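# Structural overview for review
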Amino acid sequence: MMDAGRHPNITLLTYSEVVEVSGYVGNFQVRVRQRPRYVHTDLCTGCGACAEACVFKRGVPNEYDAGLSRRRAAYIPMNGQAVPLKAVIDDQACLFLSKGKCTQACLEACPTRAIDFSQKERFIDLNVGAIIVATGFEMFDPRRLPAFSYGKSPDIMDGLQFERFSSATGPTRGEILTSRGEKPKRVAIIHCVGSRDEHANRYCSRVCCMYALKHAHLVRDKTGAEVFEFYMDIRAFGKDYEEFYERVQGEGVYFVRGRGAEVIVLDDGRIQVKAENTNLGLPVQIEVDMVILETAMEAPRDSDKVASLFGISRSASGFFQEAHPKLRPFHTNTEGVFLAGACQAPKDVPDTVAHAGAAASEALALLSRGQVVISPTTAVVDEQLCSGCKTCIVLCPYSAISFVEDAGVARVNEALCKGCGTCVAACPAEAITARHFSDRQILAELEALLVPA
Amino acid sequence: MAEEFEPRIIAFVCNWCTYTAADNAGVSRMEQPPNVDIIRVMCSGRIEPTFILKAFALGADGVIVSGCHPPGDCHYTNGNFKTFRRMPLVEQLLAQFGIEKERFHWGWISGAEAVKWAQLTHEFTEQVRALGPLNWKQELESKED
């Protein structure tokens with residue numbers, strides 16, 4: 001990210017979202033909405049004086065610490081490690097911007113006078129040749145599975161919260177502590193929370209086994225607590241992963257084969273975990289000081305909107321659909337739009353890096369060729385027959401058909417058309433032909449098949 | 001003994017899901033009745049009601065239309081939704097022509113559902129066999145005279 005931010009050929013637009021995409025491969029028009037950050041990025045040095053001066057001492061939950069700490073309205077995202085290293089003012093939290101009442105201490109505190117409350121959102125229009133969608137994933141919210149009692153005790157946490165606890169920049173400066181401020185003596189780690197489960201997601205989220213093993217290793221290493229891992233299968237799929245699994249086994253972690261069934265918070269705050277040990281064929285019940293729920297990666301909630309914005313489809317799991325599961329894993333069915341990372345499917349870091357690198361080089365190769373090869377199976381309008389009724393225009397999933405005002409007819413842009421033939425079937429004047437799948441060809445097939453015996 | 005009636009069935013399938021399933025069924029050596037003949041189109045949204053009527057008119061005893069599962073499976077984003085809206089109208093039309101509804105099947109089979117394709121072709125063939133020949137072609141020709 002640092003390298004991307006410094007690269008002369010890369011422009012980072014942070015705090016921004018794409019709101020409109022039109023055009024086609026080699027010639028996309030993209031409209032980007034940039035939210036006001038109320039800080040002039042050319043003046044801000046990222047010193048953090050505004051955050052210290054911000055009078056909203058109580059603050060709001062800090063997203064970067066998975067809600068374990070709080071931040072003020074003026075802050076530098078990611079606990080001061082953001083790229084670019086610039087402050088931002090959260091207009092929902094800022095007392096001046098949301099309520100109009102504040103002493104505006106940040107204005108005075110800023111040594112470069114970078115804060116400007118009059119900033120408005122702005123729109124940026126870009127003309128680009130290729131698009132790489134890398135919108136990532138969301139973590140499964142374990143509240144959706146009430147059996148795990150997430151939220152009922154501060155000692156029941158998800159994997160991301162545990163990561164923050166064990167991070168040196170986290171709320172406990174890397175110490176793993178229970179809510180009583182002591183080191184835990186027994187920790188339960190529950191795999192497949194929100195994955196491989198017909199009540200949540202059917203798919204395997206792929207990365208959780210490995211990060212769960214890492215968590216077990218960290219707990220053993222930092223606290224020496226007894227660790228119980230409740231798993232269905234350990235999927236150590238990558239290079240050196242099986243070896244890591246063996247190492248964690250050697251560290252004295254107890255592996256209990258069986259899905260963690262229930263987490264119960266007793267009246268006095270103690271936590272019990274119930275499961276079945278399928279190796280023994282016996283139910284097990286243990287008391288622990290801390291539970292880590294290893295949650296699944298999910299497609300972001302707004303991925304349907306992103307999909308329709310870029311004209312890409314989604315698979316049943318909600319992740320974006322690649323053009324071919326084996327041979328074109330980072331292409332989409334919209335020419336010139338590529339996928340990178342976990343927006344396509346759950347991925348770990350090495351796979352994401354490989355996927356993103358492939359998408360980037362494919363996009364660069366496309367641009368440097370300067371011309372595109374398209375499939376010949378496209379629709380074509382016979383302008384003599386077209387009555388200009390525009391039925392086809394609304395049906396096209398790729399917005400490939402436009403209405404030519406002068407001639408009063410519809411016209412297909414062959415760079416956009418994928419040849420699905422929906423418009424052909426719908427045209428009331430039979431003015432549209434699908435190349436290689438024309439009415440005449442299909443009817444000839446029928447006649448040949450149904451020759452009387 | 002009279003020879004058993006062998007129905008002739010035309011299946012319109014989309015290139016990306018059901019055709020792939022049928023292909024997989026063949027590659028996996030699943031047994032399929034020879035009564036079903038496939039016509040491949042790029043998307044089930046390409047299938048015009050005319051094709052279905054024409055198939056019956058030319059002597060088919062049954063017709064299958066199959067594409068990708070809604071909502072998200074369609075290779076072309078939403079071609080299957082057009083099928084979803086058109087096919088109930090075709091059903092009504094066939095009823096008005098007096099063609100039994102058991103002679104027309106429309107639905108969804110994904111590329112991974114080769115078994116489902118093999119099952120469907122078996123079951124549908126037997127269903128149409130039980131109904132006997134449609135003879136729509138002869139009937140239409142007799143009316144022309």
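Residues numbered from 1 in each chain as written. Chains lettered and ligands numbered in written order. Predicted model: local features only at pLDDT ≥ 70, side-chain atom pairs only at ≥ 80, totals over all residues.

## Remarks on the overall build of chain B
Helix and strand counts for chain B come out as five helices and four strands. For a compact globule of 145 residues, the expected C-alpha radius of gyration is about 15 Å, and chain B comes in at 15 Å, within 12% of that figure. Taking the principal axes of its C-alpha atoms as reference, chain B extends roughly 45 × 35 × 20 Å. Expressed as a percentage of contacts within chain B between residues at least 6 apart in sequence, the contacts between residues at least 24 apart total 80%. (Helix = DSSP H or I, 4+ residues; strand = E, 2+ residues; numbered from the N terminus. Rg over C-alpha atoms; globule rule 2.2 N^0.38 Å. Contact = placed C-beta atoms within 7 Å.)

## Points about the overall build of chain A
Looking only at helices and strands, one finds 13 helices and 23 strands in chain A. In terms of principal-axis extent, the alpha carbons of chain A reach across some 80 × 75 × 40 Å. Of the contacts formed within chain A by residues at least 6 apart in sequence, a portion of 63% connects residues at least 24 apart.

## Examining the nonpolar core
With 66 residues, the main nonpolar core has C14, A55 and V63 of chain B as its most contacted residues. In terms of nonpolar packing, the next biggest core, distinct from the first, is built from 58 residues, I189, V273, M290 and A340 of chain A among them. (Core = buried A, V, L, I, M, F, W, Y, C linked by C-beta atoms within 7 Å. Buried ≥ 20, exposed ≤ 12 C-beta atoms within 10 Å, placed from the backbone.)

## Examining the sheet that holds strand β17 (residues 290-295) of chain A
Residue and element names in this part refer to chain A. Ordered in space as β10-β17-β11-β12-β13, the five strands form an open sheet in which the pairing is parallel. Unpaired on one side and paired on the other, β10 (156-158) and β13 (254-257) mark the two borders of the sheet. Across the sheet, the mean angle from the axis of one strand to that of its neighbour is 20 degrees, orientation sign disregarded. Pairing analysis gives three bridges linking β10 to β17, with the strands arranged parallel. By the bridge assignment for β17, D158 is matched with L293. Sheet strands in contact with helix α7 (residues 208-223) are β11 (186-193), β12 (226-231) and β17, and its direction is about 175 degrees off that of β11. (Pairing = 2+ DSSP bridges. Axes fitted to C-alpha atoms, helices over the stretch in contact; angles between N-to-C directions.)

## Concerning the domain arrangement of chain A
Under the domain assignment used here, chain A contains domain 1 (138-295) and domain 2 (379-449). A straight line from the C-alpha centre of domain 1 of chain A to that of domain 2 of chain A covers 56 Å. (Domains from an automatic or database assignment.)

## Section: the pairing of β17 of chain A
All names here are of chain A. Across the six residues of β17, six count as buried, placing the element largely inside the fold. Side chains M290, I292 and E294 of β17 all project onto a buried face; the interleaved residues V291, L293 and T295 project onto the opposite face, where all are buried too. Here β11 runs beside β17; their pairing, made up of five bridges, is parallel. Across the sheet, residue I189 finds its bridge partner in β17, namely I292.

## A closer look at the interface of chain A and chain B
With 26 residues of chain A in contact, the opposing surface of chain B contributes 26 residues. Of all elements in the fold, only α12 (422-426) and α13 (439-449) of chain A reach the threshold of two or more residues within the side of chain A that touches chain B. Ranked by residues supplied to the side of chain A that touches chain B, first place goes to α13 of chain A with six residues. When its residues are assigned to classes, the side of chain A that touches chain B shows 14 nonpolar, eight polar and four charged. (Nonpolar A, V, L, I, M, F, W, Y, C, P; charged D, E, K, R; others polar.)

## Some words on the sheet that holds strand β16 (residues 282-288) of chain A
All names here are of chain A. The sheet built from three strands is open, its strands ordered β14-β15-β16 with antiparallel pairing. Lying at the two open borders of the sheet, with one neighbouring strand each, are β14 (260-265) and β16. Across the sheet, the axes of successive neighbouring strands diverge by a mean angle of 20 degrees, strand direction being ignored. Sheet topology places strand β15 (residues 271-277) next to β16; seven bridges connect them, and they run antiparallel. Paired with A275 across the two strands is V284, which belongs to β16.

## Comments concerning helix α8 (residues 241-250) of chain A
Burial analysis of α8 of chain A places just one of its ten residues in the buried class, a small minority of the element. Phi turns positive one or two residues past the end of α8 of chain A, at G252 of chain A, with a value near 90 degrees.

## Description of unusual backbone geometry
Residues and elements named next belong to chain A. Cis geometry is found at the peptide bond from V83 to P84, where omega equals -5 degrees. Here P84 is to be found in the loop between α3 (77-80) and β6 (88-89). For Y38, which is not glycine, the phi torsion reads 60 degrees and is therefore positive. Examined against the element boundaries, Y38 turns out to sit in the loop between β2 (27-34) and α2 (49-53). Take Y38: there are 24 C-beta atoms within 10 Å of it, and that puts it in the buried class. Not every positive phi belongs to a glycine, and Q104 is a case in point at roughly 55 degrees. Topologically, Q104 is positioned in the loop between α4 (95-99) and α5 (105-109).

## Details of the environment of R164 of chain A
Structurally, R164 of chain A can be placed in helix α6 (residues 159-166). In contact with R164 of chain A, other than residues within four places in its own chain, are D65, A66, L68, G170 and P171 of chain A.

## Notes on the packing of α7 of chain A against α8 of chain A
Residues and elements named next belong to chain A. With their axes 10 Å apart at the nearest point, α7 and α8 run at an angle of 35 degrees to one another. Taken as a pair, α7 and α8 cross one another with a handedness that is left-handed. Here M210, L213, A216 and H217 of α7 come into contact with α8, specifically with Y241, F244, Y245 and V248. Taken together, the residues of the contact of α7 with α8 break down into seven nonpolar, one polar and no charged. (Left-handed = near helix turned anticlockwise from the far one by under 90°.)

## Concerning the environment of F96 of chain A
Residue and element names in this part refer to chain A. Inspection of the secondary structure assignment puts F96 in helix α4. A residue is classified by how many C-beta atoms lie within 10 Å of it, and F96, with 19 of them, is partly exposed. With residues up to four places along the chain from it excluded, the contact list for F96 reads C102, Q104 and F117.

## Structural notes on the pairing of strand β4 (residues 104-108) of chain B
Counting buried positions over the five residues of β4 of chain B gives four, a clear majority of the element. Note that the unit made of strand β3 (residues 62-67) of chain B, helix α3 (residues 79-96) of chain B and β4 of chain B has a crossover that is right-handed. (Right-handed = clockwise from strand over helix to strand, strands pointing away.)

## What to know about the confidence of the model for chain B
Averaged over every residue, the pLDDT of chain B is 90; the share at 70 or more is 98%. Taken over the whole predicted complex, pTM reads 0.77, whereas the ipTM for its chain interfaces reads 0.90. (pLDDT = per-residue confidence, 0-100.)

## Considering the environment of G281 of chain A
Residues and elements named next belong to chain A. Its place among the elements puts G281 in the loop between β15 and β16. The exposed category is assigned to G281, around which 8 C-beta atoms lie within 10 Å. Spatially, the C-alpha atoms of G281 and D141 are 30 Å apart, while their sequence positions differ by 140 residues.

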